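# Fold and geometry: a report
Residues per chain are reported as follows:
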Amino acid sequence: MNLQNFKITEDSRLVRRGASTGLTLYSAYRPLRFKELYGAAAIAGNGIKQSLINNDGKLPQAAIAFTGFSGTGKTTLALITALALNCLSRDEDYEPCLECAKCKGIINRGFEGTDPFFIVKNTAKMKQDDIINMVDHDIKSGTALINRRGGTRIICLEEAHNLTKKSIENLLLPVENVLTSARRARVHVFLTSSESDTLFANKAWQSRILSLNLSRFTSQDLFNILIDIAKNEHVHNNKPKITTSVLAKVIEVSELSLRHAITLLQGILEQAHPDKDTIKLEDTGIILGADEDWDATETFIKSLISGNKKSCYGFLKDAYIRHNISFESIGTNVVKKLTSKGIMLLAGGDPAGEKYLAMARAFNSTLSNSLYQDRFSALGLATSAALNELG
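Reference entry: report on the structure contained in this document. Please read these numbers as outputs of a predicted model, since none were measured by experiment.

### Observations concerning the overall build of the chain
Across its full length, the chain holds 17 helices and seven strands. The proportion of buried residues among the 391 residues of the chain is 47%. Working note: accessible area of the chain is about 19,800 Å², and carbon and sulfur atoms make up 49% of it.

### With respect to the packing of aromatic side chains
Considering all chains together, one arrives at three aromatic pairs under this definition. Centroid distance phenylalanine 66 to phenylalanine 190: 5.5 Å. Interplanar angle 85°. Geometry classified as edge-to-face. One end of the pair, phenylalanine 66, is in strand E1 (residues 63-68); the other, phenylalanine 190, is in strand E4 (residues 186-193), and 124 residues separate them in sequence. By relative accessible area, which is 0% here, phenylalanine 190 ends up buried. Taken together, a centroid distance of 5.8 Å and an interplanar angle of 90° make the contact between phenylalanine 111 and phenylalanine 118 edge-to-face. Residue phenylalanine 111 is classed as partly exposed on the basis of its relative accessible area of 38%. If you follow arginine 13 out to its NZ or CZ, it ends over the ring of tyrosine 38, 4.0 Å from the centre.

### Some thoughts on unusual backbone geometry
In most cases, non-glycine residues show a negative phi, while peptide bonds are predominantly trans. The phi dihedral of aspartate 56 is positive, around 55°, even though this residue is not glycine. Within the secondary structure, aspartate 56 sits in the loop between helix H2 (39-54) and E1. Taking the relative accessible area as the measure of exposure, aspartate 56 reaches 67% and is therefore exposed. Even without glycine at this site, leucine 98 takes up a positive phi of about 70°. By relative accessible area, leucine 98 is classed as buried at 10%.

### Some details on the packing of helix H10 (residues 219-237) against helix H11 (residues 244-254)
H11 packs onto H10 with a crossing angle of 130° between their chain directions and a minimal axis gap of 10 Å. In terms of axis orientation, H10 runs oblique to H11. Crossing of H10 against H11: the hand is right-handed. Residues Ser219, Leu222, Phe223, Leu226 and Ile227 of H10 touch H11, and the partners they reach there are Thr244, Leu247, Val250, Ile251 and Ser254.

### Things to note about helix H4 (residues 101-109)
For H4, the full list of buried residues reads Lys102, Cys103, Gly105 and Ile106. Across the axial projection of H4, the buried residues extend over an arc of 165°, all falling on one side. Turned more than 90 degrees off the buried face of H4, the exposed positions are Ala101 and Asn108.

### A short note on the side chain of arginine 186
Position of arginine 186 among the secondary structure elements: in strand E4. It turns out arginine 186 is buried and unbridged, and the closest side chain with the opposite charge, aspartate 56, is 11 Å from it. Ignoring any residue separated from it by four or fewer positions in sequence, one finds arginine 186 in contact with Lys58, Leu59, Thr152, Arg153, Val178 and Leu179.

### Topic: the nonpolar core
Phe66, Leu77, Phe118 and Phe190 are the most contacted members of the largest nonpolar core, which has 35 residues in total. Counting only elements with at least two residues in this core, the list comes to H2, E1, helix H3 (74-86), H4, strand E2 (118-122), strand E3 (152-158) and strand E5 (210-214). Here this core takes eight residues from H3, the largest share from any one element. Beyond its immediate stretch of four places on either side in the chain, phenylalanine 66 contacts Ile48, Lys74, Leu77, Ala78, Phe190, Leu191, Thr192, Ser193 and Leu212.

### A short note on the layout of surface pockets
Taken as a whole, the largest pocket encloses approximately 800 Å³ of empty space. Forming the boundary of the largest pocket are 38 residues, of which Tyr26, Arg30, Pro31, Thr76 and Arg259 lie nearest the centre. For the lining of the largest pocket, the secondary-structure elements that each account for two or more residues are helix H1 (25-28), H3, H4, E4, H10 and helix H12 (258-270). Counting residues per element, the lining of the largest pocket draws most heavily on H3, which supplies four residues. When grouped by side-chain class, the residues that make up the lining of the largest pocket number 18 nonpolar, 13 polar and seven charged.

### Comments concerning the environment of leucine 265
Relative to the elements of secondary structure, leucine 265 occurs in helix H12. C-alpha separation for the pair leucine 265 and leucine 247, spaced 18 residues apart in sequence, amounts to 8.0 Å. What leucine 265 contacts, discounting residues up to four positions off in sequence, is Leu226, Ile229, Ala230, Ile242 and Leu247.

### Considerations on the state of the cysteines
Throughout the structure, instances matching the rule amount to zero disulfides. Looking at the unpaired cysteine 97, the closest cysteine sulfur is the one in cysteine 87, lying at 3.5 Å. Between cysteine 103, a free cysteine, and cysteine 100, which holds the nearest cysteine sulfur, the sulfur-to-sulfur gap is 3.6 Å.

Definitions and cut-offs
Residues numbered from 1 in each chain as written. Predicted model: local features only at pLDDT ≥ 70, side-chain atom pairs only at ≥ 80, totals over all residues. Heavy atoms only, no water. Helix = DSSP H or I, 4+ residues; strand = E, 2+ residues; numbered from the N terminus. Buried < 20%, exposed > 50% of the residue type's maximum accessible area, 1.4 Å probe, protein only. Areas by Shrake-Rupley, 256 points an atom, 1.4 Å probe, with all protein chains shown as cover. Phe/Tyr/Trp six-rings, centres within 6.5 Å; stacked < 30°, edge-to-face > 60°. Lys NZ or Arg CZ within 6 Å of the ring centre and 35° of its normal. Axes fitted to C-alpha atoms, helices over the stretch in contact; angles between N-to-C directions. Parallel < 35°, antiparallel > 145°, perpendicular 65-115°, else oblique. Left-handed = near helix turned anticlockwise from the far one by under 90°. Contact = heavy atoms within 4.5 Å. Arc of directions from axis to C-beta. Lys, Arg positive; Asp, Glu negative; His and termini not counted. Salt bridge = Lys/Arg side-chain N within 4 Å of Asp/Glu carboxyl O. Core = buried A, V, L, I, M, F, W, Y, C linked by side-chain atoms within 4.5 Å. 1 Å grid on protein atoms, 1.4 Å probe; cavity = no way out; pocket = protein on both sides within 12 Å on 5 of 7 lines; lining within 4 Å. Points joined across faces, edges and corners; volume = space filled by probe spheres on them. Nonpolar A, V, L, I, M, F, W, Y, C, P; charged D, E, K, R; others polar. Disulfide = S-S within 2.5 Å.

And the structure:
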């Protein structure tokens, strides 16, 4: 992965919180303010913040659905919004202070279901009777404390695609009714789901719920986040510096999963020798896999594109005779890389991308239709088919 075009964030956006040891970096660097967010979550967060500013600190929607892949910031956005709505000392940009009693209560008790202002429930464990009880106790009644102390109750239902049609109907109307009364405590329902289509199978719900679909993090987003964390860990916890080649490999292996990328980064930092000043690719052990396999595959792909038959078949011969290389991995990486390069070229207006895609199709088709159980033979035939696309 080429990181030369990526812009390094100069000022740290993330803040480490919690214990200095024995804590996952994913939890330690979880954003608790809108300004700490990255990617689609940052865009959605800015929209919610502006809505609060425009409505004197009130949220106009009865319900908001945060949908998208795992690790894109759905529950984090719900948490930050709850903090912004209830903080006693928020700033003019509606960023929570994180120090007042309400903020501390939400952060420490919200995910346990014991905080009156932020209640998180997993719908996979809920039955219809649980929904009815929640409506009766958390929405229709049981809000006297909210009225006395002021603030807004947020009920966050995770994996909301598990809710039945009847359950959502039972939820929406009471919440909408609460918001129309100036004398009742304000209550909102937040839904998080990785299955937007399932959640909104009934289109009538979509017209009553603000839906914010969070796309996956880009390579640039992950690069900025990993740089942010690595810098903080170096400055505050004396962890070694880390090279961009290692970050590139982390992003590649993680397949754009934030949680996976941060887990890999933590493993690399925690297993580094204390006297190490800078971690290079060769210092990562087996955490990122066998790097020589990947480099050899890259060379193979370059030979394919250039039509260098001798180099291509020489690679297959060496892989078979001298090295313990997974041919399944080679096949997958070749198709993936050719396809990715082709798409990027075509997206930039370069017709050469068609050649990459044609070779990917030929390679993939031959591997898929091969009668050989011996993957070495299948790879040889796939290589021949891909080279034939060059004419």
